[in-house]
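Here are the chains, one letter per residue:
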Amino acid sequence: MDFLSNVVGGVNWEAIVQLTFVSMIMIAGPVVIFLLAFRGGDL
């Protein structure tokens, strides 16, 4: 059990959350462009 607490405590959660948000923002751009093209250019 000591090993698990060391692994969970040693993870840099702030970096993981920041990378997750950055990747979601980077994915959102092409998704919006694809939806616009798929719907014929009108929101």
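Residues numbered from 1 in each chain as written. Predicted model: local features only at pLDDT ≥ 70, side-chain atom pairs only at ≥ 80, totals over all residues. Heavy atoms only, no water.

*Asks:* Where do I start with the overall build of the protein in this structure?
*Replies:* When its secondary structure is counted, the protein shows 2 helices and 0 strands. With an accessible surface of roughly 4,100 Å², the protein has 76% of that area assigned to carbon and sulfur atoms. (Helix = DSSP H or I, 4+ residues; strand = E, 2+ residues; numbered from the N terminus. Areas by Shrake-Rupley, 256 points an atom, 1.4 Å probe, with all protein chains shown as cover.)

*Asks:* Please explain a nonpolar patch on the surface as it appears in this structure.
*Replies:* Together, Ile27, Val31, Phe34, Leu35 and Phe38 give the surface a local cluster of nonpolar side chains, amounting to about 550 Å² of exposed area. The residue Phe38 is located in helix H2 (residues 13–38) in this model. (Patch = residues over 30% accessible without salt bridge, like charges linked within 9 Å, V, L, I, M, F, W, Y side chains within 5 Å. Salt bridge = Lys/Arg side-chain N within 4 Å of Asp/Glu carboxyl O.)

*Asks:* I'm lost on the packing of aromatic side chains in this one. Help?
*Replies:* The relation between two aromatic rings is expressed through the spacing of the ring centres and the mutual angle of the planes. One pass over the structure, following the stated rule, counts 1 aromatic pair. The interplanar angle of 20 degrees and the centroid separation of 6.1 Å between the aromatic rings of Phe34 and Phe38 together place this pair among those described as stacked. With Phe34 and Phe38 both in helix H2 and 4 residues apart, the pair spans about one turn of that helix. Classification of Phe34 by relative accessible area gives exposed; the value is 56%. (Phe/Tyr/Trp six-rings, centres within 6.5 Å; stacked < 30°, edge-to-face > 60°. Buried < 20%, exposed > 50% of the residue type's maximum accessible area, 1.4 Å probe, protein only.)

*Asks:* Sorry if this is basic, but what is going on with H2 here?
*Replies:* One turn of the α-helix equals 3.6 residues, which is why residues spaced by three or four share an orientation. Here H2 contains 26 residues, and its C-alpha end-to-end distance of 37 Å stays within 8% of the 38 Å for a straight helix at 1.5 Å per residue. One or two steps after H2, the chain reaches Gly40, where phi turns positive at roughly 85 degrees. (Expected span 1.5 Å × (residues − 1).)

Such coordinate-based values are descriptive only and should not be taken to indicate function.
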